[in-house]
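Working through the structure, step by step
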Amino acid sequence: MGALLSTWLVLLMSRPGLVSCDLTDGNTEHLKREHSLMKPYQGVGSQWDFWGSTLVTSSYVRLTPDERSKQGSIWNTVPCYLKDWEMHVQFKVHGSGKKNLHGDGIALWYTRDRLQAGPVFSNFALFHGLAVFVDTYSNDDATDRSFPYISAMVNNGSASYDHGKDGRSSELGGCSAEIRNRDHDTYLAIRYSRGRLTVMVDVDDKNEWKSCIDIGGVRLPTGYFFGASAATGDLSDNHDLISMKLYQLMVEHSPEEEDQDWSQIQPSVSLLKSPKDNIDDPTGNFRGTPLTGWKVFLLLLCSLLGIVVCAVVGAVVFQKRQERNKRFY
Ligand SMILES: *[C@@H]1O[C@H](CO)[C@@H](O)[C@H](O)[C@H]1NC(C)=O
Ligand SMILES: [Ca+2]
């Protein structure tokens, strides 16, 4: 266990993919045990409640077995009052179903209500808060997307996830990711900080995070609960959680922000575009990281240098040509 944890920490610290400076490096100081689910799952029973088909062993938490019509979930019993956090989830989706004959997937939650069974990956549909779906089955025949598909949704209890369309009308962003029946470990990270929601995946055994979703203008209150759920239908899979580790992000807020009652915030997103305008990215992954200040500066500097070089070369060539022309006449 200790060795595993330190390997994980070393891996985390050596990850070049972790670009942002306020991002946790997996520092155990910032790990919040009361919101984390880790082997051998001693906290289950006091800090976590589980429901339905969920089976807790010493090495994994199986939300559903590879059998039809199963529903399972696990919920943190302690509300989270951190303003800035990052959840690292190690999961494993595996089963005997061949390509496209498996389902339905896992959902990760940060919501007001807990242990409310329903049709959205076995959770209640009119939820308040954040959901990240790892959807392994394409319900929409007309889709041009490649599955498994990871997407995020923020809800204030007024919208319902449309299972038949894989939640497309309500999604804030997403990406395709080959997460099923992999021999190596698969990870997903959800970061919420300063109104920005970031989802990253590490599923290719390369020890680096790839950006999947990155949007600003997201408002989520404090005092909600973390949870995970999964469901199978006619098609199935084992949906296993290996760990959920919650890290506190050390971020400063302005005095005005600190004075607000964060527990009264209504979940919302101020989108520049409507979620319905979401266009597909057929390659699935958004490899690039967003341009930070200095990157923009470097880019501008490079373009400027490029322009200067072009201008100088152009001037020299022009002059040479003029001289040659003079010689001709
Ligand atoms: C909930 O969201 C809907 C649609 O985004 C919005 O019209 C409504 O005003 C919101 N309700 C509250 C209580 O924030
Ligand atoms: Ca689906």
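For clarity, every value in this text was computed on a predicted model and none was experimentally measured.

Brief notes about the sheet that holds strand β5 (residues 85-94)
In sheet architecture, strand pairing relies on hydrogen bonds along the backbone and comes in two forms, parallel and antiparallel. Read across the open sheet, the 7 strands follow the order β2-β3-β16-β5-β11-β12-β13; overall the sheet is antiparallel. Each edge of the open sheet carries a strand with a single partner, namely β2 (55-56) and β13 (210-215). Where β5 meets strand β16 (residues 238-248), 10 bridges bridge the pair, whose relative direction is antiparallel. Bridging from a neighbouring strand, His88 pairs with Lys245 of β16.

Some remarks on the side chain of Ser36
By secondary structure assignment, the location of Ser36 is in the loop between α1 (2-13) and β1 (48-52). Among the polar contacts made by the side chain of Ser36, one reaches the main-chain carbonyl oxygen of Lys32 at a distance of 2.8 Å. For Ser36, the contacting residues outside a window of four places in its chain are Leu31, Trp48, Met244, Lys245 and Leu246.

Some points on the pattern of salt bridges
Going through the model one piece at a time under the given rule, you end up with 14 salt bridges. With a shortest N-O distance of 3.0 Å, Arg145 and Glu171 are connected by a salt bridge. Taken together, the positions of Arg145 in the loop between β8 (128-135) and β9 (149-156) and Glu171 in the loop between β9 and β10 (173-176) put the pair 26 residues apart, joining distant regions of the chain. Both residues of the pair, Arg145 and Glu171, belong to the buried class. Across the pair Asp214 and Arg196 runs a salt bridge, and its minimum N-O distance is 2.8 Å.

Here's the deal with the coordination of the calcium ion (ligand 2)
Looking at the calcium ion (ligand 2), one finds its protein donor set to be Asp135 (OD), Asp135 (OD), Tyr137 (O), Asn139 (OD1) and Asp166 (OD), positioned 2.3 to 2.4 Å from the metal centre. All donors of the calcium ion (ligand 2) come from a single chain, and their spacing in sequence reads D-x1-Y-x1-N-x26-D.

Things to note about the environment of Glu257
Its location among the elements puts Glu257 in helix α2 (residues 255-259). Side chain to side chain, Glu257 and His253 meet in a polar contact 3.1 Å long.

Structural notes on unusual backbone geometry
Here Gly103 and Asp104 are connected by a cis peptide whose omega angle stands at -5°. Along the chain, Asp104 turns up in the loop between β5 and β6 (105-111). Cis geometry marks the peptide bond from Phe147 to Pro148; its omega dihedral reads 0°. The backbone of Asp166 shows a phi angle near 55°, a positive value even though the residue is not glycine. A positive phi angle, close to 55°, is found at Asn207, a residue other than glycine. In this structure, Asn207 sits in the loop between β12 (196-202) and β13. Residue classification places Asn207 among the partly exposed residues on the basis of a relative accessible area of 31%.

Procedures and definitions
Residues numbered from 1 in each chain as written. Chains lettered and ligands numbered in written order. Predicted model: local features only at pLDDT ≥ 70, side-chain atom pairs only at ≥ 80, totals over all residues. Heavy atoms only, no water. Pairing = 2+ DSSP bridges. Helix = DSSP H or I, 4+ residues; strand = E, 2+ residues; numbered from the N terminus. Polar contact = N/O pair within 3.5 Å; in protein donor to acceptor, adjacent residues only side chain to side chain. Contact = heavy atoms within 4.5 Å. Salt bridge = Lys/Arg side-chain N within 4 Å of Asp/Glu carboxyl O. Buried < 20%, exposed > 50% of the residue type's maximum accessible area, 1.4 Å probe, protein only. Donors = N, O, S within 2.8 Å, 3.2 Å for Na, K, Ca; no water.

The quantities given are spatial measurements derived from coordinates; they are silent on function.
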